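Descriptive analysis of the structure
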Amino acid sequence: MSNAPQTSKQTKKQLLGATILLSLLTLVAPTATAAIDSMTLGARYDATAANITFRVYSSKATRMMVYIYKQATGVQEAVAYVMTKDANNVWSKTVSVSTLKNSYGVTGTVYYGYRAWGPNWPYVSTWTKGSATGFSSDVDAAGNRFNPNKLLLDPYAREVSHDPTTAANTDGTIYASGSLHRNKDTGTKAPKGIVLLSDSTSIGTKPTRALKDDIVYEVHVRGLTKGDPSIATAYQGTYKGAGLKASYLASLGVTAVEFLPVQETQNDTNDVDPNSTTGDNYWGYMTLNYFAPDRRYAYDKTPGGPTKEWKAMVKAFHDAGIKVYIDVVYNHTGEGGAWSANDKTTYNLISFRGLDNPVYYSLTNDKQFSWDNTGCGGNFNTYNTIAQNLIVDSLAYWKNTLGVDGFRFDLASVLGNTCEHGCFNYDKMNSNTALNRIVREMAPRPAAGGTGVDWIAEPWAIGGNSYQVGNFPSGWAEWNGAYRDTFRKDQNKMGMDAVTPGELATRFAGSSDLYQDDGRSPWHSVNFMVAHDGFTLKDLYAYNSKNNNQAWPYGPSDGGEDNNNSWDQGGIAADQRKAARNGFAFMMLSGGVPMITGGDEFLRTQYGNNNTYNLDSSANWMNYTWTTDQTNFNTFAKRFIAFRKAHPALRPTNFYASNDTNGNVMEQMRWFKTDGSVADSSYMTNSSNHAIAYRIDGSEFGDSASAIYVAYNGWSGDVNFTLPWPGTGKSWYRVTDTSNWAEGANQFAAPGSEAYIGGEWYVYGLKARALLVLIAK
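This one's a predicted model, so the numbers in the text were calculated from it and none came from an experiment. One numbering rule holds for all chains: residues counted from 1, following each sequence as written. Restriction of local features to residues with pLDDT of at least 70 applies here, the model being predicted, together with a cutoff of 80 or more for giving and counting side-chain atom pairs; totals for whole chains, interfaces and linings are based on all residues. Think of the side-chain values as coming from all heavy atoms in the structure, minus any hydrogens and water.

**Considerations on the sheet that holds strand β11 (residues 193-194)**
The strand order across the open sheet formed by five strands is β6-β5-β9-β11-β10, and the pairing between neighbours is antiparallel. Taken across any chain shown, the strands that pair with only one partner, and hence form the sheet edges, are β6 (79-82) and β10 (159-160). For two strands to pair, DSSP has to find at least two bridges joining them. In this description a helix means any DSSP run of H or I spanning at least four residues, a strand means any run of E spanning at least two, and both kinds are numbered starting from the N terminus. With seven bridges connecting them, strand β5 (residues 63-69) and strand β9 (residues 111-117) associate as antiparallel partners. Residue pairing in the sheet places V66 in a bridge with Y114 of β9.

**A look at the packing of helix α6 (residues 385-400) against helix α7 (residues 434-441)**
α7 packs onto α6 with a crossing angle of 40° between their chain directions and a minimal axis gap of 11 Å. If you check the angle between α6 and α7, you find them oblique. The element α6 and its partner α7 pack so that their crossing is right-handed. Listed contacts from α7 to T385, Q388, N389, I391, V392 and L395 of α6 are A434, R437, I438 and E441. Fitted lines through C-alpha atoms serve as axes, helices being fitted only where they are in contact, and the angles separating the N-to-C directions of these axes extend from 0 to 180 degrees. Small angles under 35 degrees read as roughly parallel and large ones over 145 as roughly antiparallel, with 65 to 115 read as roughly perpendicular and the rest as oblique. Rotating anticlockwise by less than a right angle from the far helix to the near helix defines a left-handed crossing, while the corresponding clockwise rotation defines a right-handed one. Pairs of residues are marked as contacts when any of their non-hydrogen atoms sit within 4.5 Å.

**With respect to the packing of helix α8 (residues 481-492) against helix α12 (residues 573-589)**
With their axes 11 Å apart at the nearest point, α8 and α12 run at an angle of 150° to one another. By the angle between their axes, α8 is roughly antiparallel relative to α12. As for how α8 packs across α12, the hand of that crossing is right-handed. Touching Y483, F487 and Q491 of α8 are A579, N582, G583, F586 and M587, all from α12. For this scheme, ten residues count as nonpolar: Ala, Val, Leu, Ile, Met, Phe, Trp, Tyr, Cys and Pro. Four count as charged, namely Asp, Glu, Lys and Arg, and the remainder, Gly too, count as polar. A class-by-class count of the residues in the contact of α8 with α12 yields five nonpolar, three polar and no charged.

**Observations regarding the pairing of strand β3 (residues 42-45)**
As paired elements, β3 and strand β4 (residues 51-57) share four bridges and run antiparallel to each other. Its bridge partner being in β4, Y45 is matched across the sheet by I52. Between the end of β3 and the start of β4, which pair antiparallel, lie five residues, with A49 showing a positive phi angle near 60°.

**A word on the nonpolar core**
In this structure, F259, W310, F409 and F584 are the most contacted members of the largest nonpolar core, which totals 160 residues. Ignoring sequence-local partners within four residues, the contact set of F259 consists of V219, H220, V221, L224, A242, W310, M313, F317, V324, Y325, I326 and D327. M64, V79, W91 and A292 belong to the second-largest nonpolar core, a separate cluster that totals 28 residues. Think of a nonpolar core as a cluster: buried Ala, Val, Leu, Ile, Met, Phe, Trp, Tyr and Cys residues, connected wherever their side-chain atoms sit within 4.5 Å. Throughout this description, buried means an accessible area under 20% of the type-specific maximum (1.4 Å probe, protein chains only), exposed means over 50%, and partly exposed covers the range between.

In structure tokens:
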């Protein structure tokens, strides 16, 4: 796998209709503008719930109307009001609830959307829905794309009624501009905002644990329980069902669950043909609204139900001591890009684009097309203050109201862009980028733990200077792609890709080459071997190449990375499991924050499909029926996680020192050759050496083990390791040996049952491609 983002990032797509390709977009950076109270945008009841005020931003609109509906689809508006613009370009209208009820028959839930006119389509009093009256152009020289025939979703809506396309409306062309589609009215079918009353659902007490002490578990909220027979059928694949798995994750040792995107996305059509991937969007990287929990994942789909159910799920995790992270996609939106490369007229108008295209999207110099660093249609304008406001307000809402503890940012380099239009330039030192504003306004969690947010970046995008592993601003942790690549190449590409012992040592010790020079720490490295967009841990060692063109339910899925640094271990199943044990061990033994992908704790497979973005099927949901080998691996994983949590020496706050810092004559961390001598520069820089060992002085970290010794044999043959000094009066005891001979229920020793090995100069024979962990006591 290269250091570039996964090819799958370019193929997270789905159809709004038979012909509409929705694609991933990106964010840019801030333009000076008058200060507005952006958190009051959207639709809000007053304190007595007697009035509703609708507020929406548009700097270019010349007329704005709010349309109010009795139900989400199938009916015309009950009433429409002209809105008034203030000096800050905020359009507003306050409406009496009693008037809505008594004069227009709007009772209970209030559904709404906006229609906007602007320079490219000025208002004319004779305009009617579905007409071209007033039309000038689909896009003007300033990039405006107003079209009053398209009912627009409020970017600040707290819930969304339904997706743009559903089983009842499979025609996505109605949302498009261009000569064929501009006059199609969307009012009766478009998604509507829902005006929510406040609720008192508890999110519980947020954990304050330090990020360095976390075990992150990346998983899809639907996939976690959709195939779980222990969960009531009605709750499977829902927020409620996910909350019921909190005890399982706690028993595994997980301390932070990281959900793939849960903000509203187009996925209702996944159920139109449940036996096909055509047009499906399973992962959810096509965000339509940044505030609303996705309704499809709620058991209670009534208005307000998804929000309450989400909060109750968060409380269940918090009660189990588990943080809740969400994957957020502020680099692009579900509106997609141009329908075809050379057609500037035909774009989808669902929300942002129809309200203020040059504000919300980064455009080419001539303002006729989207500027794209995602490979999927265009960038969200993250350097624009208004677009930034939306990002920050959304994050604050999910943090403060919905209880989220941390965020993982998809293609996060786009949020470091310092251009609005016509260019891309990442600059971590520019204080006005979205990246710097986020951590300035919402403080990162302190190193020792406490109140704050865990900020995690996917530190790349596509093109320009977007690959930025190790180069994010202070306060940001990163998915460490270099960590993944180094260990994968060492395990699977020996003889093809050179990896030195020194490179392995750097990754084991927290990647100081990436995170030390700018004052960050080992725990700013999120260490992972696999993630959602690629092979599972099992498949990484069971397939030489992707296998994405299988029939349902295993595929087909287009795209996917071709260079995976994978190897099937010669087709030997026992060796595949051993390689997976090693991959898991690397994460548990390294300085930094380990992230495992859901199901890796029991060797979940995707049958070689490495781009399951569109695979909402039983083959892609978690399967909790395990073989004996899977059960043994699960025990190994649980015990290894517990071992990491029990030994602070493996979770350093700062980078390891190479000298003795407490006067016991043992260096805090020392690297060894196989013969027990200190590994010097000539050894560490020689890629022909495939074995390395290290010892950590546990006493310098208050560890229950006076020392920890790790030996890794990456060679294809057995290697003897001469053990170093374990400390005065101490001996070495075996915690685990990942070799095949030890496979079974007790391959990882339970605390107190570690096997006695010996002392200094004892020679331990470690089998090919295996790893050994000892403790001194």
